[in-house]
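As a plain string of letters, each chain reads:
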Amino acid sequence: MTTQITSARTAAGPRKESRRRPPASSTTKVGRPGFAWALPAAVFFALFAIVPLIMVAVLSFMSWDGLSSPEFVGTDNWSRLIDDPVMLKSVWLTLLLTALGVVLQTPLSILLGVWAAGHQRNRAVLSVIYFIPLLLSATAVSVLWRALLDPNFGIPADAAWLFGDGNLFGEQATAIGVLAFVSTWQFTPFHTLIYQGAARAIPPVLYQAAEIDGAGRYRQFFHITLPQLRTSMITSMILMIVGGLTTFETVLILTQGGPGTDTTISAYYMYDKAFKSFDYGTGSAIALALVVAATVISLIVVRVSGYDKMRSSMEGVS
């Protein structure tokens, strides 16, 4: 009997080994790196971001001309800012330029980014040429356009039929238009790069299914591409808002806040108060107000858009 059972087991083949895996040792575990990896970046951020921000916050309650000892004045700097008509005007101008940047750059960036993500002929060459403004600093771009739009020697001097007297910086409307145009010309390539990467991450199977259903390019763009670019759109808009609230070099070089105070945005007014009038207390108060405004607006955008509730790592999937 025993011999028959043994023969049956031999005929059935060897017994399968247990599928249980041995417990992983501490050397084979894969997870997030420890805090020590982030320590250098945390120290760098604390020294060059957190500490200066705290110093600015303290200085906003002081009166200091840069030479004498700071004197505590409480909320006097903030009270003067609230009653300052130039400050109130600068806030309105800052919001206007920020809104113009979002309205102009967002559609251009989406269209160019989706196009650059394709496989058109000469796409790579054209993309490289278009991204050249992204390689230049804001100062270089401002100096370039200041020379090109000079009323005496620039393009307006040779095209009076289009620019009139050629002084685009002599009126508020045209000066704001120039600032919005230059910012759009410089920063649209950056946001285009964001949308290009996001468009390439969209699964091709979605477009294949749409073609089977008879959807054309326009329907695919509005019903597939745009919804899939949702997270990238929110990120891009937050960067535009923060960048618009902190714009400085362009105004400094192109208009210097003029004519009069017609293009004096909050960041330039901060520079004017601190480094021209030597009122570092008021300048620090403006700087702190800009930081708070940029943070609050960004949080509102994240909250309203539902970006904070997204859990998927896939583009457009929440």
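So, here's what we can say about the structure. Quick caveat: nothing in here was measured; it's all calculated off a predicted structure. (Residues numbered from 1 in each chain as written. Predicted model: local features only at pLDDT ≥ 70, side-chain atom pairs only at ≥ 80, totals over all residues. Heavy atoms only, no water.)

As for the side chain of T255
Working step 1: Looking at the element boundaries, T255 is found in the loop between α14 (249-254) and α15 (266-276).
Working step 2: Owing to a relative accessible area of 11%, T255 belongs among the buried residues under this scheme.
Working step 3: Among the polar contacts made by the side chain of T255, one reaches the side chain of T263 at a distance of 2.9 Å.
Working step 4: If near-sequence neighbours (up to four positions away) are discounted, T255 is found in contact with F169, A175, L179, T250 and T263. (Helix = DSSP H or I, 4+ residues; strand = E, 2+ residues; numbered from the N terminus. Buried < 20%, exposed > 50% of the residue type's maximum accessible area, 1.4 Å probe, protein only. Polar contact = N/O pair within 3.5 Å; in protein donor to acceptor, adjacent residues only side chain to side chain. Contact = heavy atoms within 4.5 Å.)

Points about the nonpolar core
Working step 1: One finds W145, L149, V178, V182, L254 and I265 to be the most contacted residues of the largest nonpolar core, which totals 15 residues.
Working step 2: Where this core is concerned, the elements lending two or more residues are α4 (85-116), α7 (138-148), α10 (172-200) and α14.
Working step 3: Among the elements that take part in this core, α10 stands out by supplying four residues, more than any other.
Working step 4: Apart from the residues lying within four places of it in its own chain, the contact partners of L254 are S142, W145, R146, F169, V178, L179 and V182. (Core = buried A, V, L, I, M, F, W, Y, C linked by side-chain atoms within 4.5 Å.)

Focus: helix α16 (residues 280-305)
Working step 1: If you check α16, its first and last C-alpha atoms are 37 Å apart, about what 26 residues at 1.5 Å a residue would give, namely 38 Å.
Working step 2: Positive phi appears at G306, one or two residues downstream of α16, with a value of about 80°. (Expected span 1.5 Å × (residues − 1).)

What to know about the packing of α4 against helix α5 (residues 123-130)
Working step 1: Taken N-terminus to C-terminus, the directions of α4 and α5 make an angle of 145°; their axes are 10 Å apart at the nearest point. Contact with α4, carried on its side by L112, W115 and A116, involves R123, L126, S127 and Y130 of α5 and no other residues of that element. (Axes fitted to C-alpha atoms, helices over the stretch in contact; angles between N-to-C directions.)

Thoughts on the packing of aromatic side chains
Working step 1: Applying the stated criterion across every chain, the model contains 12 aromatic pairs.
Working step 2: Put simply, the rings of W64, F248, Y268, Y271, F275 and Y280 pair up and form one aromatic cluster.
Working step 3: The side chain of R146 reaches across the aromatic face of F169, ending 4.4 Å from its centre. (Phe/Tyr/Trp six-rings, centres within 6.5 Å; stacked < 30°, edge-to-face > 60°. Lys NZ or Arg CZ within 6 Å of the ring centre and 35° of its normal.)

Overview of the environment of R80
Working step 1: In this fold, R80 is placed in helix α3 (residues 76-82).
Working step 2: The class of R80 is partly exposed, set by a relative accessible area of 45%.
Working step 3: Sequence-distant contacts of R80, defined by excluding residues within four places in its chain, comprise D279 and T282.

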